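Summary of the model geometry
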Amino acid sequence: MFSIKDIDLAGRIGKLKLKRGDVETPAFFPVIDPARQELGLEDVRAAGFNQVITNAYLLLKRFGEEAIKKGVHGILGFNGIVMTDSGAYQILEYGGIEFEQDTIIEYQKAIGSDIGVILDVPTGDVDYERAKSTVEVTLRRALEALKLIKDSGVAWVLPVQGGRHLDLVEYSAREASKIPYYSIYGIGSPTEFLEKYELTTVLKMVYSAKKHLPDSKPVHLFGAGHPLILPFAIALGVDMFDSASYILYARDGRYMTEYGVYRVEELEYFPCNCPVCSRMEPRGLLEVSRDERVKFLALHNLHVIKRVMMRVKQAIREGRLWEYLEEISRKHPRAMEAFRGLRRFYKYFELRTPLSKGHVYGIRLYDVESIWNPKVLRFRLRSWRVIEAMLEEVGEVFLKPLLIDGECIDGGVDVSIIYYTPYIGLVPSVICGVYPSTQHVRARNVDSRVLEDLVYSLRSISVKARRRGVKLKVGYCGSLSWTLIVAREAEALGLDVVELC
């Protein structure tokens, strides 16, 4: 049912095959309220969404047999992919619903859902004992549902619960991965944390689940509709999202951007040229009726979410997902906090990041955060393995600045030469030219923290060389400040220093 077309970090572009058609992932499912939907389904489709999610519990309460006769696609007037939730949100909000799980599952089958969800119990932001109970009940219900979901023609979602209690999330994911017949895994209960901009908490939840779930099946993050969380969650391996944020924000007069949310009255200009924003100014929007304003904002908000999804997909295709995360992390303090928190997942990213792609793009290096790009770290670790072997074989090593991006200017495979350069660090001549040692573009003014890192690399090789009785000589260029800093440190360490240019 699920095939992966491309990957970068742990983010992937995939294809989910369903009975009614295919969904390319990462995919966002706008939440549709069948009884109160200010934005028509034709507008949702026109904004680029051929998949939506609606609530089976509300359909059962409000439409009953009519939805069975017409089918969920007929009752919505939508011939794309329809996912139905089970009423778990109502459990989170109100403490329970009046239907048993068997009733909800059979109803989703009867109305022709393409993707269905068992009646899980969301965790929310609760204490440990309550969270543990939601995990246990959800797993028990997942087992009880097997007799109903097998061979039903519906792709069923098994939600992983636990909230901020990461050991419970891990336990839930491990146990869920053992249960057969589920096509998709879900990660529940991020909404309360996202409302408080606790992006890092949500990303820890995602990682705790993903590392125990099979990569062969897609993962859905319930209730995630803020533009800032989508790229980070995708980078960790989330394939599907749903949210009513686009319409809820619109009803509250809130205008989405890729980096945050504004109130309409705060705007003098729309920082967007989507089809709706290009035909009106903020002042004019405040003068129209509330219904028209809500529709305008909801459609704009959908366009923003779609644009984020497309930018992430293109970043995956180019192998630039880390760089895209660097870019958006500058847009909001919590985004920067979340981005820096990704460092703890380095091994997870490194195992999933391809060594190379058919079309190689040079890495863009901005500041010290760029050093944590898995492609850069992977090369640096490889370099040190080569250096360790080199120091066992030679009596003298010449450290030279790598001056020209795109080529190793001399030395060839001379094992006595090691180049040095900001961000990438030390580059033994025998692997100089290997991606991304020369396939990168960096800022002309090198971040001081990057220079500190380069100096640290010099100190490290100096210690290793001294232990093995290897002599180090360091070259520099008087016209390049970053090489001068290395030369000064080399002099302080008692190494031979020579001006090359």
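So, a few notes on the structure that sits alongside this text. (Residues numbered from 1 in each chain as written. Predicted model: local features only at pLDDT ≥ 70, side-chain atom pairs only at ≥ 80, totals over all residues. Heavy atoms only, no water.)

**Quick notes on the sheet that holds strand β6 (residues 81–85)**
The following threshold applies: For two strands to count as paired, DSSP must find a minimum of two bridges between them. Helix and strand assignments come from DSSP, with helices taken as H or I runs of at least 4 residues and strands as E runs of at least 2, each series counted from the N terminus. Angles shown run from 0 to 180 degrees and are taken between the N-to-C directions of axes, each axis being a line fitted to C-alpha atoms and, for helices, limited to the stretch in contact. Any two residues whose heavy atoms approach within 4.5 Å at even a single point are treated as in contact.
Strands sit in the order β4-β5-β6-β7-β8-β9-β10-β11 around a closed barrel of eight strands; the barrel is parallel. Averaged over all neighbouring strand pairs, the angle between strand axes comes to 25°, with direction disregarded. Inspection of the sheet shows strand β5 (residues 51–55) paired to β6 by five bridges, in the parallel sense. Following the sheet pairing, Gln51 is matched in β6 by Ile81. Strand contacts of helix α5 (residues 101–110): β6, β7 (115–117) and β8 (155–160), with the helix running at about 145° to β8, the strand carrying the most contacts.

**Brief notes about the state of the cysteines**
Counted only if it meets this: By definition, disulfides here are pairs of cysteine sulfur atoms that lie within 2.5 Å. Only protein chains enter the accessibility calculation, which uses a 1.4 Å probe. A residue is then buried if its area is under 20% of the maximum for its type, exposed if over 50%, and partly exposed in between.
Following the criterion strictly, the structure yields one disulfide and no others. Covalently, Cys477 is tied to Cys501 through a disulfide, its sulfur atoms 1.4 Å apart. Of this pair, Cys477 sits in the loop between β19 (471–476) and α20 (481–492) while Cys501 is found in the segment after β20 (496–499), placing the two residues 24 residues apart along the sequence. We classify Cys477 as buried; its relative accessible area is 2%. Left without a disulfide partner, Cys277 is nearest to the cysteine sulfur of Cys274, which lies 3.6 Å away. Residue classification places Cys277 among the buried positions, given a relative accessible area of 5%.

**Observations regarding the packing of helix α18 (residues 374–390) against helix α19 (residues 448–468)**
Our working rule: Relative orientations are named as follows: roughly parallel for angles under 35 degrees, roughly antiparallel for angles over 145 degrees, roughly perpendicular for angles from 65 to 115 degrees, and oblique for any other angle. Each helix crossing is assigned a hand: it is left-handed if the near helix lies turned anticlockwise from the far helix by less than a right angle, otherwise right-handed if that turn is clockwise. Three categories are distinguished: nonpolar for Ala, Val, Leu, Ile, Met, Phe, Trp, Tyr, Cys and Pro, charged for Asp, Glu, Lys and Arg, and polar for the others, with Gly belonging to the last.
Where α18 meets α19, the axes come as close as 11 Å, and the angle between the chain directions of the two elements is 20°. Relative to α19, the element α18 is oriented roughly parallel. Crossing of α18 against α19: the hand is right-handed. On α19, the residues touching Arg380, Trp384, Ile387 and Glu388 of α18 are Asp453, Ser457, Ser460, Ile461, Lys464 and Arg468. Taken together, the residues of the contact of α18 with α19 break down into three nonpolar, two polar and five charged.

**Comments concerning the packing of aromatic side chains**
Here is the rule we go by: Paired rings are identified among Phe, Tyr and Trp, the last through its six-membered ring, by centres lying within 6.5 Å, and are further divided according to the angle between planes into stacked (under 30 degrees), edge-to-face (over 60) and tilted (the rest). Put simply, a charge is over a ring when the Lys NZ or the Arg CZ is close to the ring centre, within 6 Å, and near the line of the ring normal, within 35 degrees.
One pass over the full model with this rule turns up ten aromatic pairs. With centroids separated by 6.4 Å and ring planes inclined at 80°, the aromatic side chains of Trp322 and Phe349 adopt a geometry described as edge-to-face. Taken together, the positions of Trp322 in helix α15 (residues 321–329) and Phe349 in helix α17 (residues 346–352) put the pair 27 residues apart, joining distant regions of the chain. A single burial state applies to Trp322 and to Phe349, both of which are buried. Aromatic rings pair up to connect Tyr207, Trp322, Phe339, Phe345, Tyr348 and Phe349 into one cluster. Geometry around Phe345 places Arg344 over its ring, the cationic atom sitting 5.7 Å from the centre. Its end group placed over the ring of Phe398, Lys473 keeps NZ or CZ at 4.5 Å from the ring centre.

**Observations regarding α5**
Spelled out, the test is: The arc in question is the one spanned by the directions pointing from the helix axis to the C-beta atoms.
Of all the positions in α5, only Gln101, Ile104, Ile105, Tyr107 and Gln108 are classed as buried. An end-on view of α5 places all buried positions within 160° of arc, on one side of the element. Taken from the residues just after α5, Gly112 is the one with a positive phi, measuring 80°.

**Digging into the nonpolar core**
Across soluble globular proteins, you tend to see nonpolar side chains buried next to one another. Put simply, the rule is: In plain words, nonpolar cores are sets of buried Ala, Val, Leu, Ile, Met, Phe, Trp, Tyr and Cys residues tied together by side-chain atoms within 4.5 Å.
Counting 111 residues, the largest nonpolar core has Tyr182, Leu221, Phe232, Phe241, Leu342 and Phe349 as the members making the most contacts within it. Looking at this core element by element, the count peaks at 13 residues for helix α14 (residues 290–318). In this view, Leu342 contacts Leu203, Phe232, Trp322, Leu325 and Phe349; residues no more than four positions away in its chain are not counted. Ranked by size, the runner-up nonpolar core spans 39 residues in total, among them Tyr423, Val446, Val486 and Ala487.

**Here we look at the pattern of salt bridges**
Rules: The salt bridge criterion pairs a side-chain nitrogen of Lys or Arg with a carboxyl oxygen of Asp or Glu, the two atoms within 4 Å.
Overall, the coordinates contain 40 salt bridges when judged by the stated rule. One salt bridge connects Lys5 with Glu24, and the closest N-O pair in it is separated by 2.8 Å. You can see Lys5 sitting in strand β1 (residues 2–8) and its partner Glu24 sitting in strand β3 (residues 21–25), a full 19 residues away along the chain. For Lys5, a relative accessible area of 48% gives the class partly exposed. Across the salt bridge formed by Arg164 and Glu198, the nearest N and O atoms sit 3.2 Å from each other. Note that Arg164 is positioned in the loop between β8 and α8 (166–176) and Glu198 in the loop between α9 (191–195) and α10 (199–210), a separation of 34 residues in sequence. Linked through salt bridges whose partners overlap, the residues forming this network are Asp125, Arg164, Lys196 and Glu198.

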